[in-house]
Each structure stands twice: as structure tokens, then as C-alpha cells.
Amino acid sequence: MKQSLIFSKTLKQAPKDEQSVNARLLTRAGFIDKLSAGIYSFLPFGLRVCQKIENIVRQEMNEIGAQEILMPVLQPKSIWDVTGRWQKFAGKEMFKLKNQANKDYTLGWTHEEVITPLMQKFVLSRKDFPVFVYQIQDKFRDEIRAKSGILRTREFIMKDLYSFHTSENDLDKYYEKVKKAYFRIFKKIGIDKQTYLCLASGGSFSKYSHEFQTITSAGEDVIYICENCGMAINKEIKTEHLKCPECGKTKFRQEKAIEIGNIFKLGTNYTKPFDFKFIDKDGTRQPVIMGCYGLGITRMMGAVVEVFNDANGIVWPENIAPYQIHLIQVGDDLKVKETAEKIYKGLLKQGKEVLYDDRKDKRPGEKFADADLIGIPLRMVVSKKTVEKNSVEIKYRNKNKVELAQIKELGKLGR
RNA sequence: CGGGGCGUAGUGUAAUUGGCUAACAUGCUCGCUUUGGGAGCGAGUGAUUCUGGGUUCGAGUCCCAGCGCCCCGACCA
């Protein structure tokens, strides 16, 4: 992509109505734009990062046998009456609205009420189980207080997976499988080292649930991490757990963290109200057993920025950067321009994702400052100096070293 | 929802504490020059000072109400 065609601009100063690191950097670099408290647009760079994260998640969900669907955001009150959650969440984070005919609707903040009857229509035989279905979609929550940039918003993108089983044992097995898939996702995104599995309250669903907590001072939760095995416990239930539930040791360190995912063994809490049952081998009708597994796409994006940044801007992990290579043309000399164009096309041909700073009216200093702010992992500079040596200057965003590379060798660099 | 802070060109700030035509930087437009870490000169552009009331000879500034944004808390299946 030629940078001269990107409509968003970088800002020297962050708007004063953003305090959080993620919002300040993402806004300055032109990834997001705030419409209202907790409501953001994703601009070309921001959307690319989102889609990168989504695709990593998609890949791992498919890997564990889950099928992707898309459920509606707009949902009638009737399905929420079945589980009693319309009443239960009256005046809470559930958005409620009416249509012209005065009929009640909500904007989906979770999708158990949609997925359960949906599966019930198709999954009729015991032999159809287990079944795993997910979507990546907008969620709406009427937060009393939106905060921390894109970490707690009123509209956000979430991956939600639902699993349906004929036995607790089968649910347990899949639950563990999802945990592993989640850590593969975190590793690909680049936050596995700072992300911990954390025992937490299960709310009204189950006694406990598991959260995935990424350590950052911008986080809202306090977790206690076992010094021995790395299992964490959320502060909200710490008094019930003096020992690590995993290894039994009692030494913990305390950290602030942001919850980027949460998984629950729902059991029959939703299948019972919808009367979703299967006929067991012995001919008896049994309620279907269910699990749900959330992962905040846009929240992870914010968490990554909180974790990976320096004084000059964002430092994107390779797999989710908006582009792999930031090719910068310094000077508008014909030879330089031609060389840069050629390198740009060559890299594209090799399947590289390149942002080409071809802007004529920008001086080198501004281009470098923008490159640091935007945070693309690999920077390549083409200038008079480098052209003379038939080479390109190479610098990685997370390193200080600057070196030259021969033009014909460039294909080996970057992902 | 309780507490605190803040609303002035696109962005960041200023305005003698109630007093002249709301200033500076940056951005944007045009011209010339310049080209390795946010260049220089010149000429332009851009504001219903959040909204509505009130006090006053006079309000960006004081008072009241509302709206909006940020932060702390509560809340967060």
C-alpha cells in the first residue's frame, strides 16, 4: 500500500480526551477514531490489525473442529425471556430498544440465547454430538463507565465459541483443548509470555470459570500468580484459595492484568430452559451439556499496544502488525524513486505486506517519526546513499541496530 | 450512579483573573527554497469560546441548568 493513499494522518500530539496509552498511540498513529465514550471506528491500519488477530483466532478455532457462523446482533426479547435474562439484566449492561411497533429488542452482548435454539433445530441425533460453533462479531454492552481506550468499550469485537456435548466428561476434554488453542493464539499474537490462565468466579453459571489475563498496568483486575506453576487466581476469589489450585503451593506474586478471554462450563444452564435434549443410548432424554469460550479481539489489540510500546510509538509483534515492511523513500531523486518503486513491486510479488512511504512532500525526519509511531516491525529505507551502494537500509522496530542489505537479498527478510 | 477534573480553529495551548478586533504553535492551501530524525521564508485558510439561561455598561472569564469527554470508585455473564 502506498502511504500517500492512506487517508488517515498521524498526530504529533494525542487529543486531550484520551489518557490511556493504547488510545493515545492508536489515535496518534491513525488506527482508531473515537466517536463517543467507548465507541470507536477502526481506520485502515487498525482494521488490518483486527483482521490479523481475527484470522489467527479463526485458524485455531478451525483447528479444534469449530465451525464459523454469524449470528444477529439485533435480537427479540422473546428469546431472553426463555432464560429469564431479560428481567435479570434489566437496568444492567444489556442494551434495550424498541422498534416502531413498540416491540422489544436487544443488541447482543452474548449469544447463548441465539445459539442454543439454533443448534436445537439441526443437531437432532446423539450421533451429531459433540458440536462446536463460533463467531467473530460485534458485542454491545451498556457499560456504566467505558474506559481505558479500547480496553473497555460499549461496542467491541469478540470471538465467542459454544460447544455442545452429551457428557460432562466430553465437555471437560474439549474445555482443555480450548485452553491449549487459546495459548497457541496468544503465542502467535505475541503475548503468551505475559498471559496467564486464571481461576475466577463463574458468576451465575458455575462456581468458577477460567480467565486469560494479560499483565499490564492498564489492567483492571488484580491476579495472584503462583510462583511455582504459573497458575493465577483472581483477587475476587483469592480468599477462598490460599493454595494454588494447580500445584498446592502458597507463594504468589501480585500483578495487575486485563482479562482478554473467559471460558465457562455452562452445563445445562441454557439447554434446560430451551429444552434442548438428546436421546441417550438407553432411550432416555437428557439435557445437552454446554460450554462457552470468549476472546476479546479488539481488547487484545489494546492490550498488545499497552504491552509493546516505547517513547516513539507502538512496537507491533510481527504476526499482527498492519504491514510487515515499512519501505521508506527518502528524497525524490529520480533514481531513488525508481529504485524504491522497483523494490516495492518486487516485495509485493514475493507476497510481502508492504507499506510504501512514497509521500513526496514529507521530509525524512517526519517519515521516520511516523514509522516509529505506526510501529511496523521492519523498516527499509531507500535513499541516494543506499542506492549508490545498491542496497537498502534495514532496521527492526524493536532493535536499535541499523544495517545495509543488498537489494537482491531483500526477499529473505521479514516474514 | 457517587467523587474529582476538563470543554476556546482539525490538533495542542494562551488570553492581564470581568475590559480593545479571541492570541500562539501545529495542521491545511499557494509560491519559492530545501531533502537522513517532525526544515526555512512569504502569502493565505481556519472559532456561534459545548448548549441554553442569568448577573453586568461589558462575559471565553462570574452564577444556574443541561450536554459531552477523561480519571477514581461502584459495576463488569
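One can find the structure itself at the top, above this paragraph.
Below: a short report on this structure. (Residues numbered from 1 in each chain as written. Chains lettered and ligands numbered in written order. Predicted model: local features only at pLDDT ≥ 70, side-chain atom pairs only at ≥ 80, totals over all residues.)

**Observations concerning the overall build of chain A**
Alright, step 1. Helices and strands together make up the secondary structure of chain A, namely ten helices and 23 strands.
Alright, step 2. The principal-axis extent of the C-alpha atoms belonging to chain A is close to 80 × 60 × 45 Å.
Alright, step 3. The buried share of chain A, taken over its 415 residues, is 41%.
Alright, step 4. The contacts in chain A between residues at least 6 apart in sequence include a share of 67% that link residues at least 24 apart. (Helix = DSSP H or I, 4+ residues; strand = E, 2+ residues; numbered from the N terminus. Buried ≥ 20, exposed ≤ 12 C-beta atoms within 10 Å, placed from the backbone. Contact = placed C-beta atoms within 7 Å.)

**With respect to the nonpolar core**
Alright, step 1. Ranked by internal contacts, the top residues of the largest apolar core, which has 105 residues, are Ile53, Ile297 and Leu327.
Alright, step 2. Of the residues forming this core, the biggest block, eight residues, is contributed by helix 6 (residues 168-189).
Alright, step 3. With residues up to four places along the chain from it excluded, the contact list for Leu327 reads Ala340, Ile343, Tyr344, Val354, Tyr356, Asp357, Met380 and Val382. (Core = buried A, V, L, I, M, F, W, Y, C linked by C-beta atoms within 7 Å.)

**Topic: the protein's contact with RNA strand B**
Alright, step 1. The environment of RNA strand B is formed by 44 residues, the closest being Asp17, Gly203, Pro364, Gly365 and Ser383.
Alright, step 2. Secondary-structure elements contributing two or more residues to the surface near RNA strand B are strand 13 (252-267), strand 16 (289-296), helix 9 (364-374) and helix 10 (384-388).
Alright, step 3. No other element matches the eight residues that helix 9 contributes to the surface near RNA strand B.
Alright, step 4. Class assignment for the residues of the surface near RNA strand B results in 14 nonpolar, 16 polar and 14 charged. (Near = placed C-beta within 6 Å. Nonpolar A, V, L, I, M, F, W, Y, C, P; charged D, E, K, R; others polar.)

**Quick notes on the sheet that holds strand 19 (residues 325-329)**
Alright, step 1. The strand order across the open sheet built from five strands is 20-19-21-22-23, with neighbouring strands paired in mixed fashion. The open sheet is flanked by strand 20 (354-357) and strand 23 (402-406), the only strands paired with a single partner. The sheet shows a mean angle of 25° between the axes of neighbouring strands, taken without regard to direction.
Alright, step 2. Bridging between strand 19 and strand 20 involves four bridges; their strand directions are parallel. Across the sheet, the residue bridging to Ile325 is Val354, located in strand 20.
Alright, step 3. Contacts between helix 8 (residues 334-349) and the sheet are confined to strand 19, strand 20, strand 21 (378-382) and strand 22 (391-396), with strand 19 contributing the most and set at about 165° to the helix. (Pairing = 2+ DSSP bridges. Axes fitted to C-alpha atoms, helices over the stretch in contact; angles between N-to-C directions.)

**A look at helix 8**
Alright, step 1. Spanning 16 residues, helix 8 covers 22 Å between terminal C-alpha atoms, matching the ideal 22 Å at 1.5 Å per step.
Alright, step 2. Every buried residue of helix 8 is listed here: Thr339, Ala340, Ile343, Tyr344 and Leu347. Projected down its long axis, helix 8 shows its buried positions confined to an angular sector of 135°, all on one face. Turned more than 90 degrees away from the buried face of helix 8 sit Leu334, Lys335, Glu338, Lys342, Lys345 and Lys349, all of them exposed.
Alright, step 3. Next to the buried residues of helix 8 lie strand 19, strand 20, strand 21, helix 10 and strand 22.
Alright, step 4. Count one or two residues on from helix 8 and you reach Gly351, which has phi positive near 85°. (Expected span 1.5 Å × (residues − 1). Arc of directions from axis to C-beta.)

**What about the sheet that holds strand 4 (residues 74-76)?**
Whenever strands of a sheet pair, they do so through backbone hydrogen bonds, lying parallel or antiparallel.
Alright, step 1. If you walk across this open sheet you meet the three strands as 4-6-5, and the pairing is antiparallel. Two strands lie at the open edges of the sheet, namely strand 4 and strand 5 (96-98), each paired on one side alone. Strand-to-strand twist in this sheet, taken as the mean axis angle between neighbours without regard to direction, amounts to 40°.
Alright, step 2. Where strand 5 meets strand 6 (residues 104-107), three bridges bridge the pair, whose relative direction is antiparallel. Within strand 6, the position partnered with Lys96 by the bridge is Thr106.

**Some remarks on helix 7 (residues 297-307)**
Since there are 3.6 residues in each turn of an α-helix, residues three or four apart along the chain are aligned in direction.
Alright, step 1. Helix 7 sits mainly inside the fold: eleven of its eleven residues count as buried.
Alright, step 2. For helix 7, the set of buried residues is Ile297, Thr298, Arg299, Met300, Met301, Gly302, Ala303, Val304, Val305, Glu306 and Val307.

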